[in-house]
Amino acid sequence: MKEENGNEEAPQPPSPTQIGGGVVPRPVPGEQRKVALVTGITGQDGSYLTEFLLGKGYEVHGLIRRSSNFNTARLEHLYVDPHNAAKARMKLHYADLSDASSLRRWVDALLPDEVYNLAAQSHVAVSFEIPDYTADVVGTGALRLLEAVRCASKPIRYYQAGSSEMFGSTPPPQSESSPFHPRSPYAAAKVAAHWYTVNYREAYGLFACNGILFNHESPRRGENFVTRKITRAVGRIRLGLQTKVYLGNLSAARDWGFAGDYVEAMWLMLQQDEPGDYVVATEESHTVEEFLQAAFGHVGLDWKDHVVIDPKYFRPAEVDSLKGDSTKARKALGWKPKVGFQDLVKMMVDHDLEIAKREKVLVDAGYIDAQQQP
């Protein structure tokens, strides 16, 4: 994307920047291309889902928030100049889950076949700092989008991104029938969005599905999430750019999978004859300490030499253990994860080691100060 002070202006509705993948297959002559609308398209899941849908021959529209800084880095590799209309298969539009009018306008204008609601204030710890905003965007935002879908002039299939955090203190393994006991404003808002989706399915006959996805990571994970914070630190520590990483609860256990695997499950839910709710998980649980052992061990380091516990990273209400039971998804959707825990950790460490190598070049040349980190 061009910077705002460059030669190309930022996309402005109703003429949004178009982005697409040049290798996306052309539709069969006479066959109408499916259209998907994705909120949260600039995030980890949104970028993987966009790749997946483009590969399936979809036209993908993404809703993005206005920002003074571009946040489309995860989509850069898909960019095709909008003037190349034959290859530009993804389009971005300005909207916000807090603005019902923008959601209604784009749903009415695009009339997509499928809507994937991935947008959220998704950081659990941050949700304690900004609970009102989290509830509005995550919970009420889903309601606004559901209402736009309900009022559309054609049937639209709807996917709601749920979270394993909704189970909270419910003992593992957690399945579709397990009770919710959220332990954060984020989780409580996700529970609201879940039940809004169920209500609209039952009240209005919408084809609306909840995907209760357990933790899913990748090299595209935000750097303020614990897994990516760890792998970024491993790369920098290995190259001498950093010595310590500060963390909180190392005994918290999570069911970690690869985000690229999980977006396929989202799509599969909307291809079924009947709508439903599905847990998506690897069915394996690992502690943060185990993640540390795998990450530091991959580069020949001992995590105990570099990890410092900082009480500020403990949540006001902890979630001790999450482990999904994805039997329903495996049987009904034919889905199963392809990337295991060890391979996921290695993938992330290898990626962040390459970033650290590039960073070291700048440090050695005197362009940046490595002491920005302890």
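Sequence order sets the numbering: in each chain, residues are counted from 1 along the sequence as written. The predicted nature of this model means local features are confined to residues of pLDDT at least 70 and side-chain atom pairs, given and counted, to a pLDDT of 80 or more, with totals for whole chains, interfaces and linings taken over all residues. Heavy atoms throughout the structure, all of them, feed into the side-chain values; hydrogens and water do not.

As annotated in an unreviewed UniProt entry, the protein chain carries the name GDP-mannose 4,6-dehydratase and comes from Musa balbisiana. UniProt positions are given in the numbering used here, feature names are shortened, and annotations may be inferred rather than shown by experiment. According to the UniProt record, the Catalytic activity (unreviewed entry) comment for the protein chain is "GDP-alpha-D-mannose = GDP-4-dehydro-alpha-D-rhamnose + H2O". UniProt, in its Function (unreviewed entry) section for the protein chain, records the words "Catalyzes the conversion of GDP-D-mannose to GDP-4-dehydro-6-deoxy-D-mannose."

Some details on unusual backbone geometry
The omega angle of the peptide bond from Pro172 to Pro173 is 0 degrees, so this bond is cis rather than trans. Here Pro173 shows up in the loop between β6 (157-163) and α5 (185-204). The backbone phi angle of Glu283 is positive, close to 70 degrees, even though this residue is not glycine. Runs of H or I in DSSP of at least four residues are treated as helices and runs of E of at least two as strands, each being numbered from the N terminus. You can see Glu283 is positioned in the loop between β12 (277-280) and β13 (286-287). Classification of Glu283 by relative accessible area gives partly exposed; the value is 28%. Relative accessibility under 20% of the residue-type maximum defines a buried residue, over 50% an exposed one, and the middle range a partly exposed one, all with a 1.4 Å probe and only protein chains included.

Re the side chain of Glu165
If you trace the backbone, Glu165 turns up in the loop between β6 and α5. Glu165 gets classed as buried once you look at its relative accessible area, which sits at 5%. Looking at Glu165, its side chain comes within polar contact range of the side chain of Arg315, at 3.2 Å. A 3.5 Å cut-off defines polar contacts: any pair of N or O atoms within that distance qualifies, except that in protein one atom must be a possible hydrogen donor and the other a possible acceptor, and neighbouring residues in sequence count only when both atoms are side-chain atoms.

Let's talk about the packing of helix α4 (residues 131-150) against α5
Comment: axis = line fitted to C-alpha atoms, over the contacting stretch for helices; angle = value between 0 and 180 degrees taken between N-to-C directions. α5 packs onto α4 with a crossing angle of 15 degrees between their chain directions and a minimal axis gap of 8 Å. When the axes of α4 and α5 are compared, the pair comes out roughly parallel. α5 is crossed by α4, and the crossing has right-handed handedness. The residues of α5 that touch α4, namely those facing Pro131, Thr134, Ala135, Val138, Gly139, Ala142, Leu143, Leu146, Glu147 and Arg150, are Pro185, Tyr186, Ala189, Lys190, Ala193, Tyr196, Thr197, Tyr200 and Tyr204. In terms of residue class, the contact of α4 with α5 is built from 13 nonpolar, three polar and three charged. Geometric relationships in this document are graded by angle, where less than 35 degrees denotes roughly parallel, more than 145 denotes roughly antiparallel, 65 to 115 denotes roughly perpendicular, and other angles denote oblique. If you view the pair so one helix is near and one far, a crossing is left-handed when the near helix is turned anticlockwise from the far one by less than a right angle, and right-handed when it is turned clockwise. Only heavy atoms enter the contact rule, under which two residues are in contact if any of them lie within 4.5 Å. Polarity classes work like this: nonpolar for Ala, Val, Leu, Ile, Met, Phe, Trp, Tyr, Cys and Pro, charged for Asp, Glu, Lys and Arg, and polar for all others, with Gly in that last group.

Quick word on the side chain of Thr134
Mapping Thr134 onto the fold places it in helix α4. Ignoring sequence-local partners within four residues, the contact set of Thr134 consists of Gln121, Ser127, Gly139, Pro185, Tyr186 and Ala189.

What about the packing of aromatic side chains?
Put simply, two rings from Phe, Tyr or Trp (the six-membered ring, in Trp's case) pair if the centres are within 6.5 Å, and we call them stacked under 30 degrees between planes, edge-to-face over 60, tilted for the rest. Taken as a whole, this structure holds eleven aromatic pairs when the rule is applied. Through successive ring pairs, a cluster of aromatic residues spans Phe167, Phe180, Trp195 and Phe214. Taking the ring centre of Phe207 as reference, the NZ or CZ of Arg157 above it sits at 3.8 Å. Directly above the aromatic system of Tyr313 lies the positively charged group of Lys229, at a separation of 3.7 Å from the ring centroid. Remark: a charge is flagged as sitting over a ring if the NZ atom of Lys or the CZ atom of Arg is within 6 Å of the ring centre and within 35 degrees of the ring normal.

Some thoughts on the UniProt feature "domain: NAD(P)-binding" (unreviewed entry) in the protein chain
Residues given the UniProt feature "domain: NAD(P)-binding" (unreviewed entry) here are residues 37-348. The span residues 37-348 is 38% helix and 16% strand, and its two end C-alpha atoms sit 29 Å from each other.

Here we look at helix α2 (residues 100-110)
Every buried residue of α2 is accounted for by Ser102, Leu103, Trp106, Val107 and Leu110. Viewed end-on, α2 has its buried residues packed into an arc of 125 degrees, placing them on one side of the element. In this structure, the buried residues of α2 make contact with β2 (35-39), β3 (59-64), β4 (90-94) and α4. Where α2 terminates, the next one or two residues include Leu111, which has phi positive at roughly 45 degrees. Along the arc lie the directions from the helix axis toward the C-beta atoms.

As for the pattern of salt bridges
Salt bridge, as used here, is a side-chain nitrogen of Lys or Arg placed within 4 Å of a carboxyl oxygen of Asp or Glu. In the structure shown here, the tally under the stated rule is 20 salt bridges. Here Lys91 makes a salt bridge to Glu59, at a shortest N to O gap of 3.4 Å. Linking Lys91 in strand β4 with Glu59 in strand β3, this pair joins segments that are 32 residues apart in sequence. Lys91 gets classed as buried once you look at its relative accessible area, which sits at 16%. On the accessibility criterion, Glu59 (22% relative accessible area) is partly exposed. Here Glu283 and Arg330 are joined by a salt bridge, their closest N and O atoms 3.7 Å apart. Taken together, the positions of Glu283 in the loop between β12 and β13 and Arg330 in helix α9 (residues 327-332) put the pair 47 residues apart, joining distant regions of the chain. For Arg330, a relative accessible area of 28% corresponds to the partly exposed category.

Points about the pairing of β2
Burial analysis of β2 places five of its five residues in the buried class, the great majority of the element. What you see with β2 is no split at all: Val35, Leu37 and Thr39 on one side and Ala36 and Val38 on the other are buried throughout. Looking at chain direction, β2 and β3 are connected through five bridges and run parallel. Pairing of Thr39 across the sheet is with Leu63, part of β3. Call a crossover right-handed when, viewed with both strands pointing away from you, the route from the first strand across the helix to the second goes clockwise. Where the polypeptide runs from β2 across helix α1 (residues 44-55) and back to β3, its parallel neighbour, the crossover connection is right-handed. For β2 and strand β5 (residues 114-117), the ladder comprises four bridges, and the chain directions are parallel. Counterpart to Val38 in the pairing with β5 is Tyr116. In this description, strands pair whenever DSSP reports at least two bridges between them.

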